[in-house]
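Reading the structure
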Amino acid sequence: QVQLAESGGGLVQPGGSLRLSCAASGRFFSIDAMAWYRQVPGKERELVATITTDGTADYAESVKGRCTISSDNVKNTVYLQMNNLQPEDTATYYCGIVTKDCRGDAYGSWGHGTQVTVSS
């Protein structure tokens, strides 16, 4: 019922920047939280950043100070601004969202991912 469209990934050199976007569409009553995760093949998915509807943000220690998560509640879109990217940031980045229907039941949804590659 909820679709997530991710974009903004690409190939950048170390020290470069990218801005990832994730737009939510479909049938839902409200959004509780949005988050960005990343995953390298063969490794566990890693939480990068989360943001709640009141704007409270949290970050993984590995990206703190380099990444900023933000949201546009009117557009139902979450962003991840990534600066000073390093090779270890290379991964597929996934958008996750928790929504509620009109009954108040919560659902989790995932995007299909956008690839970020940091290489010189």
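This text goes with the structure placed above it.
Residues numbered from 1 in each chain as written. Predicted model: local features only at pLDDT ≥ 70, side-chain atom pairs only at ≥ 80, totals over all residues. Heavy atoms only, no water.

Take the overall build of the protein next. Along the protein, the regular secondary structure elements total 0 helices and 11 strands. Here the C-alpha atoms of the protein give a radius of gyration of 14 Å, agreeing with the 14 Å that 2.2 N^0.38 yields for 120 residues. Its C-alpha atoms give the protein principal-axis dimensions of about 50 × 25 × 25 Å. Pairs at least 24 residues apart make up 55% of the contacts formed inside the protein by residues separated by at least 6 positions. Taking the average place of the 10 positive charges on the side chains of the protein and the average place of its 12 negative ones, the gap between the two points comes to 3 Å. (Helix = DSSP H or I, 4+ residues; strand = E, 2+ residues; numbered from the N terminus. Rg over C-alpha atoms; globule rule 2.2 N^0.38 Å. Contact = heavy atoms within 4.5 Å. Lys, Arg positive; Asp, Glu negative; His and termini not counted. Charge placed at Lys NZ, Arg CZ, Asp CG, Glu CD.)

According to the stated counting rule, one finds 1 disulfide in the structure shown. In this structure C67 is not part of a disulfide, and its nearest cysteine sulfur, from C95, lies 15 Å away. (Disulfide = S-S within 2.5 Å.)

This brings us to the environment of Q115. Relative to the helices and strands, Q115 resides in strand 11 (residues 114-118). Considered as a pair, Q115 and R45 are 70 residues apart in the sequence and their alpha carbons are 14 Å apart. Beyond its immediate chain neighbours, meaning those up to four positions away, Q115 contacts G9, G10, T90, A91 and T92. Within polar-contact distance, the side chain of Q115 engages the backbone oxygen of A91 at 3.4 Å. A distance of 3.4 Å separates the side chain of Q115 from the side chain of T117, its partner in a polar contact. (Polar contact = N/O pair within 3.5 Å; in protein donor to acceptor, adjacent residues only side chain to side chain.)

Next up on the list: the nonpolar core. Note that soluble globular proteins tend to have their nonpolar side chains buried in a common cluster. With 27 residues, the main nonpolar core has W36, V78, L80, M82 and Y93 as its most contacted residues. Of all the secondary structure elements, the ones that give two or more residues to this core are strand 1 (2-7), strand 3 (18-26), strand 4 (30-39), strand 5 (46-52), strand 7 (67-72), strand 8 (77-82), strand 9 (91-100) and strand 11. (Core = buried A, V, L, I, M, F, W, Y, C linked by side-chain atoms within 4.5 Å. Buried < 20%, exposed > 50% of the residue type's maximum accessible area, 1.4 Å probe, protein only.)

Right, let's get into the pattern of salt bridges. Going through the model one piece at a time under the given rule, you end up with 6 salt bridges. Between K64 and E61 there is a salt bridge; the shortest N-O distance is 3.4 Å. With relative accessibility at 62%, the residue E61 sits in the exposed group. Measuring nitrogen to oxygen at the nearest pair gives 3.5 Å for the salt bridge that ties R103 to D105. Here R103 falls in the exposed class, since its relative accessible area comes to 70%. Assessed through its relative accessible area of 34%, D105 is described here as partly exposed. In this structure, a network of salt bridges that share partners links the residues R38, E46, R66 and D89. (Salt bridge = Lys/Arg side-chain N within 4 Å of Asp/Glu carboxyl O.)

Moving on, we come to the sheet that holds strand 7. Within the open sheet, the 4 strands sit side by side as 1-3-8-7. Their pairing is antiparallel. Sheet topology places strand 1 and strand 7 at the edges, where each strand pairs with a single neighbour. Mean inter-strand twist for the sheet, computed between neighbouring axes without regard to direction, equals 15°. Pairing between strand 3 and strand 8: 6 bridges, direction antiparallel. The residue of strand 8 that forms the bridge with L18 is M82. (Pairing = 2+ DSSP bridges. Axes fitted to C-alpha atoms, helices over the stretch in contact; angles between N-to-C directions.)

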